[in-house]
Amino acid sequence: MPFKWINAVALPILLFGVIIALWSTISEKIPGFPPPLEVWNELIVVLSDPFYNNGAGDQGIALQLLSSLKRVFGGFALAIAVGVPVGLLIGMSKSAQTAFNPYIQILKPVSPLAWLPLALFVFKDVDMTAIFVIFITSIWPIIINTALGVRSVSEDYLNVAKVLQLTPFERVFQIILPVAVPFIFTGMRLSLGIAWLVIVAAEMLTGGLGIGFWIWDEYNNLNYSHIIIGIILIGVVGYILDTIMGFIADYFDYRKRGRV
Amino acid sequence: MSAKPFLNIDHVDKVFPLGKGKEYVALRDVKLEIRENEIVSIIGHSGCGKSTLLNMIAGLDTITSGVILLEDREINAPGPERAVVFQNHSLLPWLTVYQNIEMAVKKVRDDLNAQEVKEHVMKYIDLVNLDHAKDKYPGEISGGMKQRVGIARALSIEPKVLLMDEPFGALDSLTRANLQDHLMRIQMQTGNTVVIITHDVDEAVLLSDRVIMMTNGPEATIGEILEVNLPRPRKRLELQHNEEYLRCRGAIVEFLYSKFAKHDD
Ligand SMILES: Nc1ncnc2c1ncn2[C@@H]1O[C@H](COP(=O)(O)OP(=O)(O)OP(=O)(O)O)[C@@H](O)[C@H]1O
Ligand SMILES: [Mg+2]
């Protein structure tokens, strides 16, 4: 339908105009607040040489983002490696559920920043600290969704497994995992979103290389247009990460392949 | 019957604990001897304990007291010699028709090599006339076809007893009739012993050598056993006015709606 298509393009553009107008007003009211055009020009400068490397403190935006992504994937991979087996265990065993549940409920709402000083003290290393903080805050949705997936395996499928006398190992790989995988990916998607939120805050405190620290550094340099550029790029990268995870999740979801 | 029973349900009780010291006696003193190659149907009002009885034979539910013997061996766990066709087919939706059956065959027949597995699976897909759908997923085929796959999967592991809990209950009457014909043809070919739960009087008479009629719960038990003396193969059209058919039908209706009528409470 052409009308729909026009709407899909026209409406965001219309809203874009409103945002730019608001932004311009704000930058007129607050002295030093960079107006849209200035940010746009800076953005082109920043993106035109994303890979420059002038030593530890001064590197291009792509290198900053990559170093953040490296930590994110470190913590995220660790969260998957621990979270999925723990989730499987909790889903399959009532006792494990009873044992783990209070700790999950208590640790889940703890802010990532609360872990940071402890991690710094233990690891005395910026990278390790960031990876640990991401691990400990992004593991919960993986555990919870994996366990949920296991519990959603229908009694009928388990009866099939019983009649065929599947071993516990066969039961996990032939019955439980196929059902649980879509749930696990939902957990992973949430988890990656959290990881990307956490990394910015963590890097602001730990320093070094990374998009979070870059923003903080530009604040200290009074380079406010770079802060806005940082925000936009974090948003874009986060959106790309989420979309990629969405595609992967759909690929492994048997329900999304035209079969119910 | 002089031959010794193939499947022997011997003074079986089933009590469900309800918590707070209460309990529900679902079945009391159920005695039933089933012969080899026989098709037996179990009929009774909803909630009388048909599924409970079948699940105990399958080993999916525990027996409170009494014993069930298959060829003189006590049943206390599920096993592939007692295949179950569930009411809602319970095919694994992430596997194709072929893979669903293959998975069962591979597990139970570990003596077969790859080629033999393939032939074996195809033989049972053939048996239910589903060659054309073998690479489809359960979500892509009709309810009746799914149920046929369920039957093929159950038969493919060559069980001693085929247990069916209202296998056609969720299907429309035309599909149902079609599957009944399939089942009778297959049973004549394979000689399986079949225990089938049904709500349907005509289905019970058409399919069975004997119809087991259960009383209402609590403490339900076997009320009457009806022998259906109709030669096989049976043709539903010819049976319409057959005297024996009408006698059997009448006896079941009499049992269900007069002797053990159930009044909704
Ligand atoms: N786990 C359980 N705990 C307590 N009571 C149960 C349990 N399972 C079944 N019952 C009771 O046992 C009785 C028999 O149940 P069952 O499912 O065997 O009936 P059914 O004859 O198969 O009924 P339907 O024709 O509706 O399938 C019912 O009254 C039911 O409420
Ligand atoms: Mg039932």
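K.L.:
Lay out the overall build of chain A in plain terms, naming residues and giving numbers.
P.N.:
Helix and strand counts for chain A stand at ten helices and zero strands. Sequence-ordered secondary structure for chain A, helices as α and strands as β, is α-α-α-α-α-α-α-α-α-α. For chain A, the spread of C-alpha atoms along the three principal axes comes to 75 × 60 × 30 Å. Scored against the burial criterion, the 260 residues of chain A give a buried share of 42%. In chain A, of all internal contacts separated by at least 6 residues, the share reaching a separation of at least 24 is 66%.

K.L.:
An account of the site of ligand 1 is needed here, citing residue identities and associated values.
P.N.:
All names here are of chain B. The immediate surroundings of ligand 1 are formed by 13 residues, with Ser 46, Gly 47, Lys 50, Ser 51 and Thr 52 found nearest. In this structure, an oxygen atom belonging to ligand 1 sits 3.5 Å away from a side-chain N or O atom of Tyr 24. Measuring from an oxygen atom of ligand 1, one finds a side-chain N or O atom of Ser 46 at 2.5 Å. Burial of ligand 1 by the surrounding chains reaches 61%, relative to a free accessible area of 640 Å². The set of elements that each furnish at least two residues to the shell around ligand 1 consists of β1 (7-19), β2 (22-34) and α1 (50-58). Counting residues per element, the shell around ligand 1 draws most heavily on α1, at three residues. Of the residues assigned to the shell around ligand 1, the class counts are five nonpolar, six polar and two charged.

K.L.:
Account for the side chain of B:Arg153, naming residues and giving values.
P.N.:
Along the chain, B:Arg153 turns up in helix α4 (residues 143-156). Although buried, B:Arg153 forms no salt bridge, and the nearest oppositely charged side chain, A:Asp156, lies 8.9 Å from it. Ignoring any residue separated from it by four or fewer positions in sequence, one finds B:Arg153 in contact with A:Val160, B:His89, B:Ser90, B:Leu91, B:Leu92, B:Asn100, B:Ile101 and B:Ala104.

K.L.:
Tell me what's going on with the interface of chain B and chain A, and back it up with residues and numbers.
P.N.:
Residue-level contacts link 24 residues of chain B with 19 residues of chain A. With both sides pooled, the region where chain B packs onto chain A buries about 1,900 Å², and carbon together with sulfur makes up 69% of that total. The interface formed by chain B and chain A includes one salt bridge. With its nearest N and O atoms 2.9 Å apart, the salt bridge here joins B:Lys107 to A:Glu170.

K.L.:
Explain a nonpolar patch on the surface residue by residue, including any values.
P.N.:
Residues and elements named next belong to chain A. Together, Ile 232, Val 236, Tyr 239, Ile 240, Ile 244, Ile 248, Tyr 251 and Phe 252 make up an exposed nonpolar region whose accessible area comes to about 800 Å². Position of Ile 244 relative to the elements: it lies in helix α10 (residues 224-252). On the basis of relative accessible area, Ile 244 is assigned to the partly exposed category, the value being 44%.

K.L.:
I'd like a rundown of the domain arrangement of chain B, residues and numbers included.
P.N.:
Residues and elements named next belong to chain B. Its domain assignment divides chain B into domain 1 (36-60 + 73-81 + 160-265) and domain 2 (88-158). Taken together, the 16 residues of domain 1 in the interface contact 13 residues of domain 2. Contact between domain 1 and domain 2 buries roughly 1,100 Å² in total, counting both sides, with carbon and sulfur atoms accounting for 74%. The largest share of the area that domain 1 buries against domain 2 comes from Pro 80, Leu 162 and Ile 186, three residues that together contribute 36% of it. Scanning the region where domain 1 abuts domain 2 turns up zero salt bridges. Scanning the region where domain 1 abuts domain 2 turns up two residue pairs in polar contact (both at pLDDT 80 or more).

K.L.:
Outline the packing of aromatic side chains, supporting the account with residue identities and numerical values.
P.N.:
Within this structure, the stated rule accounts for eleven aromatic pairs over all chains. Seen from their ring centres, B:Phe255 and B:Phe260 are 4.8 Å apart, and the 35° between their planes marks the pair as tilted. Grouping aromatic residues by their ring pairs yields a cluster made of A:Trp115, A:Phe123, A:Phe132 and A:Phe135.

K.L.:
Which residues make up empty space enclosed by the protein, and what values go with them?
P.N.:
In this structure the tally under the stated criterion is one cavity of 30 Å³ or more. Considered as a void within the structure, the largest cavity measures approximately 90 Å³ in volume. The wall of the largest cavity is formed by A:Val160, A:Val163, A:Leu164, B:Ala83, B:Val84, B:Phe86, B:Ala104, B:Gly150, B:Arg153, B:Ala154 and B:Ile157. Taken together, the elements giving at least two residues each to the lining of the largest cavity come down to α7 (155-163) of chain A together with β6 (82-85) and α4 of chain B. Top contributing element to the lining of the largest cavity by residue count: α4(B), with three residues.

K.L.:
Hey, could you go over the environment of A:Ser24 for me, with residue numbers and the actual values?
P.N.:
With respect to the helices, strands and loops of the structure, A:Ser24 is situated in helix α1 (residues 2-29). Between the alpha carbons of A:Ser24 and A:Leu107 there is a distance of 43 Å; along the sequence they are 83 residues apart.

K.L.:
If you had to explain the sheet that holds strand β5 (residues 73-74) of chain B to someone new, which residues and values would you point to?
P.N.:
All names here are of chain B. Strand order in the open sheet formed by four strands is β2-β1-β4-β5, and the pairing between neighbours is antiparallel. Two strands close off the open sheet at either side, each with one partner strand: β2 and β5. As paired elements, strand β4 (residues 65-70) and β5 share two bridges and run antiparallel to each other. Along β5, the bridge assignment pairs Leu 70 with Arg 73.

K.L.:
Give me the lowdown on the packing of helix α3 (residues 61-92) of chain A against α10(A), citing residues and values where you can.
P.N.:
Residue and element names in this part refer to chain A. Packing of α3 against α10 leaves a shortest axis separation of 12 Å and a crossing angle of 45°. Here α10 runs oblique to α3, going by the angle between their axes. Read as a crossing pair, α3 and α10 show a hand that is right-handed. In this structure, α3 contributes Ile 61, Leu 65, Leu 69 and Phe 73 to the contact, and α10 contributes Leu 233, Val 237 and Leu 241. Of the residues contributing to the contact of α3 with α10, the split by class is seven nonpolar, no polar and no charged.

K.L.:
So what about unusual backbone geometry? Which residues, and what values?
P.N.:
Residue and element names in this part refer to chain B. Cis geometry marks the peptide bond from Arg 232 to Pro 233; its omega dihedral reads 0°. Among the structural elements, Pro 233 can be located in the loop between β10 (222-227) and α7 (236-239). In this structure, Asp 29 is a non-glycine residue whose phi angle is positive, near 55°. Tracing the sequence through the fold places Asp 29 in strand β2. Take Asp 29: its relative accessible area is 30%, and that puts it in the partly exposed class. Even without glycine at this site, Glu 71 takes up a positive phi of about 50°. On the secondary structure map, Glu 71 appears in the loop between β4 and β5. According to the relative accessible area criterion, Glu 71 is partly exposed, its value standing at 34%.

About the thresholds
Residues numbered from 1 in each chain as written. Chains lettered and ligands numbered in written order. Predicted model: local features only at pLDDT ≥ 70, side-chain atom pairs only at ≥ 80, totals over all residues. Heavy atoms only, no water. Helix = DSSP H or I, 4+ residues; strand = E, 2+ residues; numbered from the N terminus. Buried < 20%, exposed > 50% of the residue type's maximum accessible area, 1.4 Å probe, protein only. Contact = heavy atoms within 4.5 Å. Near = heavy atom within 4 Å. Polar contact = N/O pair within 3.5 Å; in protein donor to acceptor, adjacent residues only side chain to side chain. Areas by Shrake-Rupley, 256 points an atom, 1.4 Å probe, with all protein chains shown as cover. Nonpolar A, V, L, I, M, F, W, Y, C, P; charged D, E, K, R; others polar. Lys, Arg positive; Asp, Glu negative; His and termini not counted. Salt bridge = Lys/Arg side-chain N within 4 Å of Asp/Glu carboxyl O. Buried area = accessible area lost by both parts, 1.4 Å probe. Patch = residues over 30% accessible without salt bridge, like charges linked within 9 Å, V, L, I, M, F, W, Y side chains within 5 Å. Domains from an automatic or database assignment. Phe/Tyr/Trp six-rings, centres within 6.5 Å; stacked < 30°, edge-to-face > 60°. 1 Å grid on protein atoms, 1.4 Å probe; cavity = no way out; pocket = protein on both sides within 12 Å on 5 of 7 lines; lining within 4 Å. Points joined across faces, edges and corners; volume = space filled by probe spheres on them. Pairing = 2+ DSSP bridges. Axes fitted to C-alpha atoms, helices over the stretch in contact; angles between N-to-C directions. Parallel < 35°, antiparallel > 145°, perpendicular 65-115°, else oblique. Left-handed = near helix turned anticlockwise from the far one by under 90°.

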